There are 2 protein chains.
Amino acid sequence: MRFGLFGGPYRAGSGPSGYRKGYSQFIDMVTEAESLGFSSVFVVEHHFTGLGQVSASLNLLTSLAARTSTMRLGTAVAVLPWHNPVLLAEQTATVDVLSGGRLDLGIGRGYRPVEFHGFGIDPAEAQERYEECLEVLIKSWTSSERFSHQGTYWNFRDVVVEPQPIQEPHPCIWTGAGSERSIRGAARSGFRLLLDQYGSAEQVRQRIEWYRSEVTTMGRTFDAADVALARPLLLVEPKDLDTLDAEYDRRVAAIRRLREASRIPGDDTPLTAEDHDFFNDARVATVDAAIAGTPDDCIQRLLELKNAGVETVLFNDPSGSIERLRYFSKEVMPALA
Amino acid sequence: MRFGLFGGPYRAGSGPSGYRKGYSQFIDMVTEAESLGFSSVFVVEHHFTGLGQVSASLNLLTSLAARTSTMRLGTAVAVLPWHNPVLLAEQTATVDVLSGGRLDLGIGRGYRPVEFHGFGIDPAEAQERYEECLEVLIKSWTSSERFSHQGTYWNFRDVVVEPQPIQEPHPCIWTGAGSERSIRGAARSGFRLLLDQYGSAEQVRQRIEWYRSEVTTMGRTFDAADVALARPLLLVEPKDLDTLDAEYDRRVAAIRRLREASRIPGDDTPLTAEDHDFFNDARVATVDAAIAGTPDDCIQRLLELKNAGVETVLFNDPSGSIERLRYFSKEVMPALA
């Protein structure tokens, strides 16, 4: 199995120096993680939360490219409707050039109300904007001749986009999916698959099977490396097992904070029963799915996933837990290498 | 006096690996230049030339931020009409955070026909787009409260832009100007001043005087560090003085290539007499203005500029000439430190 990281820096303290500290800690952690044997990092892109989340993901990846030498550098995900597709092509190709071909571009349509509201984009247009941006992005990466594009949202005339990415024909594209329909769609589009942090081993097995069967139907060869699964990592020393409950609570509190920060500002309607169900479900699902407990517990959970067909696990929101990554590298990773 | 670099990487060979090589050489050169005593680098932003020019300047600067520790990192210039102002604010602030507050943001309106044509933007809108982008950019950098913007080209609702830049109140803004009107305008806007590579020492003295007087009129204190002058560096060993003529020819050929690459694709009308005058003038002006010749010649030229009030000289298009920068650092820089 291979292991990666999923998330991004947060502000560490107030004011601009808090950003500096948070970004430095994250970059130091990822850099050390490479030397510990972690093989990838996927960073999020978010806007307007007020929580200090990373917004300029491709700049952060550029910095990580300069500090690391083998890790894959991913977005999870770049939200296409926010971006000018030609500028995005230039920026992603530049990251690919600067990293020696290590970019994994996760893409999405966007889902947070605060972001559609902030950018002044109608959520009803998200799918169409996503498709148009993707079309121009791929044409920009792969066309060495000038081309024009007259679309619904973008017009470009006689453009040739430079630099060209290092990876041929272009950087790998990843997308998040969970339902059978969306997973088969990802396979048909030739995208790699990001699976979420909640599904049980049995659900994961089913999802990978949908992907594998659709890839095979398309006449391509299924490669387990094309699927990555997000999981919380709650590895503790045996003497600290009683701290796990509080960790689960903290994670659910963080999920709740993010959901609240995703709402349109001023929307202070109280959380509904459905919301509370969601948070309760999230706790149960986290307890079920997390790679949690002692090294032996974690190895057991990972072996279940391996048996379900998982080759790559991305640990989400590892910020600030470099000690945990060191412990994982020493006590868990060797059993699964 | 202080010295910096101005330009960017070019493709070094065909295909994607040519970009990799060109970018690597440029980054290595800038990194060594810092250790040689150069104090800044300003990188260009261009699109659609087909010549392999740098397009994603802020990604390149992020990479330079990771490799250097004291150099100022500038754009010369970021063309505001091409960019979503909120994304630009996020990207520039992220570069400022990642570099520990070393971003110098040069901004412009755009001037190349191929770029307006490619982005599908009417040149007649350039000024208005520039002003609107700048307004949102500064508000994004400096507002810790949510704000909305309803403009001609952009709408944002209840946004708060993160991260905040490290520099307070925001990264320095630079702009290129040459005429009295535009130089006084830059001073009134509180911008720092980039002067071009052609003016004689007397013209440069006059331009700095316009800037100084307007800054003083505004009630601020003039600082010579707020002005940077671009110059070609054609330093040669005494035994190689006879190569200078060929170097001037090469530079004018490069200027001509760029002018041609700036035209709308398909516009193959022959160059006019006016164009030829421009190239002839460019050669004469380059011979007049370049920091050229033996170390003693270069010191003499730089002292003239110092007497004209210049404190910072940026050497343009130094790509691939690290030996020249080493020679400059050894034989010229000490006489002017």
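Everything discussed here concerns the structure shown above.
Asks: Could you give me a rundown of the overall build of chain A, with the residues and numbers involved?
Replies: A count of helical and extended segments in chain A gives twelve helices and twelve strands. Over its C-alpha atoms chain A spans a radius of gyration of 20 Å, differing by no more than 12% from the 20 Å that the globule rule assigns to 337 residues. Once the C-alpha set of chain A is aligned to its principal axes, its extents read approximately 65 × 50 × 40 Å. Put simply, chain A has 337 residues, and 45% of those count as buried. Looking at chain A alone, contacts between residues at least 24 apart form 76% of all its contacts between residues at least 6 apart.

Asks: Give me the sheet that holds strand β8 (residues 192-195) of chain A: which residues, what numbers.
Replies: Residues and elements named next belong to chain A. The sheet built from eight strands closes into a barrel, its strands ordered β1-β2-β3-β4-β7-β8-β9-β12 with parallel pairing. Taken pair by pair, the neighbouring strands of this sheet meet at an average axis angle of 25 degrees, ignoring direction. In terms of strand pairing, strand β1 (residues 2-7) meets strand β2 (residues 40-43) through four bridges, oriented parallel. Within β2, the position partnered with Gly7 by the bridge is Val43.

Asks: Got a sec to walk through the nonpolar core? Specific residues and values, please.
Replies: Formed by 177 residues in total, the largest nonpolar core has its most connected members in Leu193, Leu229 and Leu314 of chain A together with Leu193, Leu229 and Leu314 of chain B. Setting aside residues no more than four positions away along its own chain, Leu314 of chain A makes contact with Gly4, Leu5, Phe6, Ser40, Phe42, Ala228, Leu229 and Ala230 of chain A.

Asks: If you had to explain the environment of Leu105 of chain B to someone new, which residues and values would you point to?
Replies: Residue and element names in this part refer to chain B. Relative to the assigned elements, Leu105 resides in strand β4 (residues 103-108). Distance in space between the C-alpha atoms of Leu105 and Ala261 is 25 Å, their sequence separation being 156 residues. If we skip the residues at most four places from it in the chain, Leu105 touches Thr75, Ala78, Thr92, Pro171, Cys172, Ile173 and Trp174.

Asks: Can you lay out the relation of the copies chain A and chain B for me, pointing to particular residues and giving the numbers?
Replies: Comparison of the two chain copies shows a relationship of rotation about an axis with a shift along it. Least-squares fitting of chain A to chain B yields an RMSD of 0.0 Å, with the superposition described by an axial translation of 0.0 Å and a rotation of 180 degrees. Accordingly, the operation relating the two chain copies is best matched by a two-fold axis.

Asks: Help me get a handle on the interface of chain A and chain B, residues and values and all.
Replies: Bring the parts together and some accessible area is lost; that lost area is often taken as the interface size. Between chain A and chain B, the contact holds 46 residues from the first and 46 residues from the second. Within the residue set of the side of chain A that touches chain B, elements represented by two or more residues are α1 (15-36), α2 (57-67), α3 (85-98), α4 (113-119) and β6 (155-159) of chain A. In terms of residue count, the dominant contributor to the side of chain A that touches chain B is α2 of chain A (eight residues). The residue inventory of the side of chain A that touches chain B, partitioned by class, reads 22 nonpolar, 17 polar and seven charged.

Asks: Help me get a handle on the packing of helix α1 (residues 15-36) of chain B against helix α11 (residues 322-331) of chain B, residues and values and all.
Replies: Residues and elements named next belong to chain B. In the contact formed by α1 and α11, the axes pass within 10 Å of each other and the chain directions differ by 5 degrees. Judged by the angle between their axes, α1 and α11 are roughly parallel. Contacts between α1 and α11 pair Met29, Glu32, Ala33 and Leu36 from the former with Ile322, Leu325, Arg326 and Ser329 from the latter. Counted by class, the contact of α1 with α11 contains five nonpolar, one polar and two charged residues.

Asks: Before we move on, could you go through the sheet that holds strand β7 (residues 172-176) of chain B and cite the residues and values that matter?
Replies: Residue and element names in this part refer to chain B. In space, the eight strands of this closed barrel follow the order β1-β2-β3-β4-β7-β8-β9-β12, with parallel pairing throughout. Adjacent strand axes in the sheet meet at a mean angle of 25 degrees when their direction is disregarded. Of the strand pairs in this sheet, strand β2 (residues 40-43) and strand β3 (residues 72-79) are connected by four bridges, and their pairing is parallel. Its bridge partner being in β3, Ser40 is matched across the sheet by Arg72.

Asks: Can you break down the packing of helix α2 (residues 57-67) of chain B against helix α3 (residues 85-98) of chain B residue by residue, with the values?
Replies: All names here are of chain B. At their nearest, the axes of α2 and α3 sit 9 Å apart, and the two run at 10 degrees to each other. Classified by the angle between their axes, α2 and α3 sit roughly parallel to one another. Here Leu58, Leu61, Thr62 and Ala65 of α2 come into contact with α3, specifically with Gln91, Thr92, Val95 and Leu98. When its residues are assigned to classes, the contact of α2 with α3 shows five nonpolar, three polar and no charged.

Asks: So what about the pairing of strand β12 (residues 312-316) of chain B? Which residues, and what values?
Replies: Residue and element names in this part refer to chain B. The buried fraction of β12 amounts to five of the five residues, a majority that puts the element mostly inside the structure. Of the two faces of β12, the one holding Thr312, Leu314 and Asn316 and the one holding Val313 and Phe315 are both buried throughout. Looking at chain direction, strand β1 (residues 2-7) and β12 are connected through five bridges and run parallel. Bridge pairing in β12 links Gly4 to Leu314. In the sheet, strand β9 (residues 227-231) pairs with β12 via four bridges, with the strands oriented parallel. Within β12, the residue paired with Ala230 across the bridge is Leu314.

Asks: Hey, could you go over the environment of Gly50 of chain A for me, with residue numbers and the actual values?
Replies: Residue and element names in this part refer to chain A. Looking at the element boundaries, Gly50 is found in the loop between β2 and α2. Judged by local crowding, Gly50 falls into the partly exposed class, with 15 C-beta atoms found within 10 Å. In this structure the C-alpha to C-alpha distance between Gly50 and Leu60, which are ten residues apart in sequence, comes to 18 Å.

Asks: I'd love a proper account of the environment of Ala65 of chain A, names of residues and values included.
Replies: Examined against the element boundaries, Ala65 of chain A turns out to sit in helix α2. When the C-alpha positions of Ala65 of chain A and Arg257 of chain A are compared, they lie 30 Å apart, and in sequence the two are 192 residues distant. Setting aside residues up to four positions removed in sequence, Ala65 of chain A forms contacts with Leu73, Val95, Leu98, Ser99 and Arg102 of chain A together with Ser63 of chain B.

Asks: Help me get a handle on the pairing of strand β3 (residues 72-79) of chain A, residues and values and all.
Replies: All names here are of chain A. Counting buried positions along β3 yields seven of eight residues, so the element is predominantly enclosed. Regarding topology, α2 serves as the crossover connection from β2 to the parallel β3, and that connection is right-handed. Pairing geometry for β3 and strand β4 (residues 103-108), over five bridges, is parallel. Bridged to Val79 within β4 is Gly108.

Asks: Give me the lowdown on unusual backbone geometry, citing residues and values where you can.
Replies: All names here are of chain B. Residue Val77 is bonded to the preceding Ala76 through a cis peptide linkage, with omega at 0 degrees. With an omega of 0 degrees, the peptide bond between Glu168 and Pro169 qualifies as cis. Within the secondary structure layout, Pro169 lies in the loop between β6 (155-159) and β7. One non-glycine residue, Phe48, lies in positive phi territory at about 65 degrees. Note on placement: Phe48 falls in the loop between β2 and α2. Overall, the presence of 27 C-beta atoms within 10 Å leaves Phe48 in the buried class. With a phi angle near 55 degrees, Asp158 is a residue other than glycine that sits in the positive phi range. Tracing the sequence through the fold places Asp158 in strand β6.

The rules behind these values
Residues numbered from 1 in each chain as written. Chains lettered and ligands numbered in written order. Predicted model: local features only at pLDDT ≥ 70, side-chain atom pairs only at ≥ 80, totals over all residues. Helix = DSSP H or I, 4+ residues; strand = E, 2+ residues; numbered from the N terminus. Rg over C-alpha atoms; globule rule 2.2 N^0.38 Å. Buried ≥ 20, exposed ≤ 12 C-beta atoms within 10 Å, placed from the backbone. Contact = placed C-beta atoms within 7 Å. Pairing = 2+ DSSP bridges. Axes fitted to C-alpha atoms, helices over the stretch in contact; angles between N-to-C directions. Core = buried A, V, L, I, M, F, W, Y, C linked by C-beta atoms within 7 Å. Least-squares fit on C-alpha atoms with pLDDT ≥ 70 in both. Nonpolar A, V, L, I, M, F, W, Y, C, P; charged D, E, K, R; others polar. Parallel < 35°, antiparallel > 145°, perpendicular 65-115°, else oblique. Right-handed = clockwise from strand over helix to strand, strands pointing away.

Any functional reading would require information beyond the geometric quantities listed.
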